[in-house]
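Geometric and topological summary
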Amino acid sequence: MSSGAPLRMGVLTCGAIVTKGHLPGLAALGRDVVDVVAFQSRREATAQAARDQWGSGDVVADWRDVLARDDVDAVDICAPNALHAELAIAAAEAGKHVLVEKPMATTVADADAMIEAAARAGVVLMAAHNLRFAAPYAAAARAVRDGTVGDVVGVRVAMGHGGPEGWTGDAGWFRDRALSGGGALLDLGIHVADLVRAVTGDEVVEVSAFVRRPSADAVEESGTVALSLRGGGVGTLSASWSVRGTADHQLLVHGTEGTLTVERGQAVVRPAAGGDKVVVAPPEPAPDLLANFVAACRGEATPVVVPSDGRDALAIIEAAYRSAAEGRAVAVSVA
């Protein structure tokens, strides 16, 4: 990629996250900044639909052919979770920068292999943990970092909706453990696992978890995880595909100097000493995951989400699965 030229991207699997999220976000950056030149998917029709939405580029049958192209600088991996590691490692070995949808992989071992491959190749590897870029959560992280709530003593996070069928018509793979690696905890819990780390600036070091499955061989519909933080705080993480009506999004941080919550799209701090609540302004300019990834690939910015972020969020969920299976507290494998 020459200086000043747009970043040329290939998309590997073109499902709903691509057409509803990534392509509109990339288009907003401008064709002088980024251009999608290749579309590959498990079904040709979905690749063609994404290509038509973008308005240019080639539909490619085999992902290996995307990686072999000289006009592809980076790939956007939106395949089923179990395929992330294979695609990301091959992309790194081909010298391509990698944006990979969350979860980064289905096992910490695979995430570590991805990190090693990217480091050897000298390419950017970023997991698409977009929630930390949302204005209220970015504001919450800044408030905690600035000491507005004092030392963190407790945290509660939750994310839930009615299940993947409400998001996409091609939801079958979410409930196929061989492709998904897990259910609601890996799909939604990974979002708020990353949020705990991003907002508190602390690491989860031990978990105790319970999950609910509709049958013994099914992935979990919901899960709740008790968290122990390195700095001494404790908390809970909940994820569910069983929420009916309004989706469930929660963030609460208890500190020695106040309590932070997200209310009506704003981060709000209520001081422990009393008085009026404080609305925390989000950072300016507003952070954006896709813009940050593209700028990092172009050598114009430092990645906000570093490879260990994707890996350590996954380590929390992996430990939660082990805890639920073994009925005991489990230490988290922190990088």
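Residues numbered from 1 in each chain as written. Predicted model: local features only at pLDDT ≥ 70, side-chain atom pairs only at ≥ 80, totals over all residues. Heavy atoms only, no water.

With that settled, consider the environment of Ile-115. With respect to the element layout, Ile-115 can be found in helix H5 (residues 108-121). Residues Ile-115 and Arg-212 lie 97 residues apart in sequence; the distance between their C-alpha atoms is 32 Å. Sequence-distant contacts of Ile-115, defined by excluding residues within four places in its chain, comprise Met-104, Leu-125, Pro-307, Ser-308 and Arg-311. (Helix = DSSP H or I, 4+ residues; strand = E, 2+ residues; numbered from the N terminus. Contact = heavy atoms within 4.5 Å.)

Here we come to the nonpolar core. The biggest cluster of nonpolar side chains holds 80 residues, and the ones touching the most others in it are Val-75, Ile-77, Val-207, Leu-251, Val-253 and Leu-260. Looking at this core element by element, the count peaks at ten residues for helix H8 (residues 184-200). Aside from chain neighbours lying at most four places away, what touches Val-253 is Val-144, Val-149, Val-152, Gly-154, Val-155, Val-199, Gly-258, Thr-259 and Leu-260. Within the second largest apolar cluster, 27 residues are counted, among which are Val-11, Leu-23, Phe-39 and Leu-289. (Core = buried A, V, L, I, M, F, W, Y, C linked by side-chain atoms within 4.5 Å. Buried < 20%, exposed > 50% of the residue type's maximum accessible area, 1.4 Å probe, protein only.)

What follows covers the pairing of strand S4 (residues 74-77). Along S4, one buried face is formed by Ala-74 and Asp-76 and the opposite face, lined by Val-75 and Ile-77, is buried too. Examined bridge by bridge, strand S1 (residues 7-12) and S4 share four bridges and lie parallel to one another. For Leu-12, the partnering residue across the bridge sits in S4 and is Ile-77. Of the strand pairs in this sheet, S4 and strand S5 (residues 97-100) are connected by four bridges, and their pairing is parallel. Residue pairing in the sheet places Asp-76 in a bridge with Leu-99 of S5. Handedness of the crossover is the feature at issue here: the chain leaves S4, passes through helix H4 (residues 84-93), returns alongside S5, and the resulting connection is right-handed. (Pairing = 2+ DSSP bridges. Right-handed = clockwise from strand over helix to strand, strands pointing away.)

Attention now moves to H8. The first and last C-alpha atoms of H8 sit 23 Å apart over 17 residues, in line with the 24 Å expected at 1.5 Å per residue. Largest kink in H8: about 40°, centred on Ile-190. Burial runs high along H8: 16 of the 17 residues are buried. Positive phi appears at Gly-201, one or two residues downstream of H8, with a value of about 70°. (Expected span 1.5 Å × (residues − 1). Bend = angle between axes of the 7 residues up to and from the residue.)

Okay, the side chain of Asp-194 next. Along the polypeptide, Asp-194 turns up in helix H8. Only 2.7 Å separates the side chain of Asp-194 from the side chain of Arg-132, close enough to count as a polar contact. Not counting residues within four places of it along the chain, the set of residues in contact with Asp-194 comprises His-129, Arg-132, Asp-309 and Ala-313. (Polar contact = N/O pair within 3.5 Å; in protein donor to acceptor, adjacent residues only side chain to side chain.)

To continue, consider the packing of aromatic side chains. Applying the stated rule across the entire model yields one aromatic pair. Look at Trp-173 and Phe-174: their rings are 4.0 Å apart centre to centre, the planes differ by 25°, and that puts the pair in the stacked class. For the pair Trp-173 and Phe-174, one class covers both residues: buried. (Phe/Tyr/Trp six-rings, centres within 6.5 Å; stacked < 30°, edge-to-face > 60°.)

With that settled, the discussion passes to the side chain of Gln-40. Note that Gln-40 resides in strand S2 (residues 34-40). Relative accessible area serves as the criterion here: at 7%, Gln-40 is assigned to the buried category. Leaving out residues up to four positions away in the same chain, Gln-40 has contacts with Val-11, Leu-12, Thr-13, Cys-14, Ala-47, Val-60, Ala-61, Asp-62, Trp-63 and Val-66.

Honestly, that's just the spatial picture; any functional story needs more than this.
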